[in-house]
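Inside the fold
Here's the letter readout for the chains.
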Amino acid sequence: MSVYVWNTFCPTLFGTGALKETGKKAKELGMHRVMVCTEKALCDFKVATQVIDVLKEEELEVFVFDKCKADAPSDICDEGAAFVREHGIDGIVAVGGGSTLDTAKAVGIIISQHGTTIRDYYHIEEDAHEMKLITLNTTSGTGSELSQWAVIGDVVTGAKEMPVYKPDLAIVDQALTYSVPAGTTAATGMDVLAHCVEAITNRNYNPYGYIFGKEGIRLTMRWLPAAVREPKNATAREQMSLAANLGGMAISACGCQIGHSFAQTFGAMHHIPHGLGCAWGLPGVMIYTAKYGERSNLEIVAEAMDVSFDEHTDTMQLAKKLAQKVTDLMRELNIKSIKDSGYTLEDCMKSAERFMHDGAFGNSPGNPRMEEIKEYISDTYSMY
């Protein structure tokens, strides 16, 4: 009998108005001097300021670090750690998308390890946790608010690295996502779908994670188009916030696979938004899984996507139906293809050498070598 691990997720406060509890929760965690880790645009558009205000209402000292950028660059993480030391900060509240939350995790790692740069701590499990961290997501995508993974863009090597630091509390309030533009909503929503599909189709079977993944797929297929069309649709935003959270739990239990390897390597080379890279990589995941993975996993995905099949349906045919379902969704969401974005197959193939270094790659079904990687990239490029 196999043995599985679950219940590894951080506590989550979920629902409309949850952000108003941030100050109280920060005090409960022993925070007094708080760094709000965020992006300048979120301050300019009065998104992060909502959180800053509730922290100040609880008479906490607030220090705003608003230098976060896409891909969580390693040098910005190092600046954040220096900022913590400069101001004697004893707790971090992160407000933003996945890269901002990952930056905050990296700061937590550096401080807890008594170091100066995240580049020293890419390949360690979390063995010290001295800096309390609350995360508030402003996009419905990465699930980073509760996952232990931080995806960091190394400014020296250009690679994406995945150190570990688990938040102490996630606060999910869909009101923080209302101002996210349609294109970003679409791309981050496809990241949710990729998390859920890849968690189910990789080599790490975990029945608990599959429950989250299947429901996350169902919610995304149902509510992502509405969230893109109607950004102030409270129900759609809430359901996508839930889907993203479930996706974070799914990958915490099971991990991702080769689709994320494409998003994280090709994306790092060309500075492509993570969700967009995940969208491009997802149809090929279906084909790759049909070739090297378990048919039963594809059947779970098909049930969640409401794609018809029976025991006589050829496995590759089922995979193609699932890939078509994904590409139809991308067209509905007005997501540009790789080709329409100006990239050639040769451009994509240049990322192949980096796959084996990517943290998600080891979860891929089968025993992928360079031949299988290039085959996957070719399928991915041709499908959308």
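Residues numbered from 1 in each chain as written. Predicted model: local features only at pLDDT ≥ 70, side-chain atom pairs only at ≥ 80, totals over all residues. Heavy atoms only, no water.

Comments concerning the layout of surface pockets
Size it by volume and the largest pocket reaches roughly 1100 Å³. Lining the largest pocket are 50 residues, with Gly97, Gly98, Ser99, Thr142 and His274 sitting closest to its centre. Among the elements of the structure, helix 2 (40–44), helix 5 (98–112), helix 6 (182–201), helix 8 (234–254), helix 9 (258–270) and helix 10 (274–292) are those that each provide at least two residues to the lining of the largest pocket. When residues in the lining of the largest pocket are grouped by element, the largest group, 6 residues, is from helix 6. Residue classes in the lining of the largest pocket are distributed as 20 nonpolar, 24 polar and 6 charged. Empty space within the second largest pocket amounts to approximately 200 Å³. Contributing to the lining of the second largest pocket are 13 residues, with Asp71, Gly153, Asp154, Ala268 and His271 lying nearest its centre. (1 Å grid on protein atoms, 1.4 Å probe; cavity = no way out; pocket = protein on both sides within 12 Å on 5 of 7 lines; lining within 4 Å. Points joined across faces, edges and corners; volume = space filled by probe spheres on them. Helix = DSSP H or I, 4+ residues; strand = E, 2+ residues; numbered from the N terminus. Nonpolar A, V, L, I, M, F, W, Y, C, P; charged D, E, K, R; others polar.)

Some points on the pairing of strand 2 (residues 33–37)
Within strand 2, 4 of the 5 residues are buried, which leaves it mostly tucked inside the rest of the structure. Of the pairings in the sheet, the one linking strand 2 to strand 3 (residues 61–65) comprises 5 bridges and is parallel in character. Note that in strand 3 the partner of Val36 across the bridge is Val64. Pairing analysis gives 4 bridges linking strand 2 to strand 4 (residues 91–96), with the strands arranged parallel. Each residue of the ladder has a partner; that of Val36, found in strand 4, is Val93. (Buried < 20%, exposed > 50% of the residue type's maximum accessible area, 1.4 Å probe, protein only. Pairing = 2+ DSSP bridges.)

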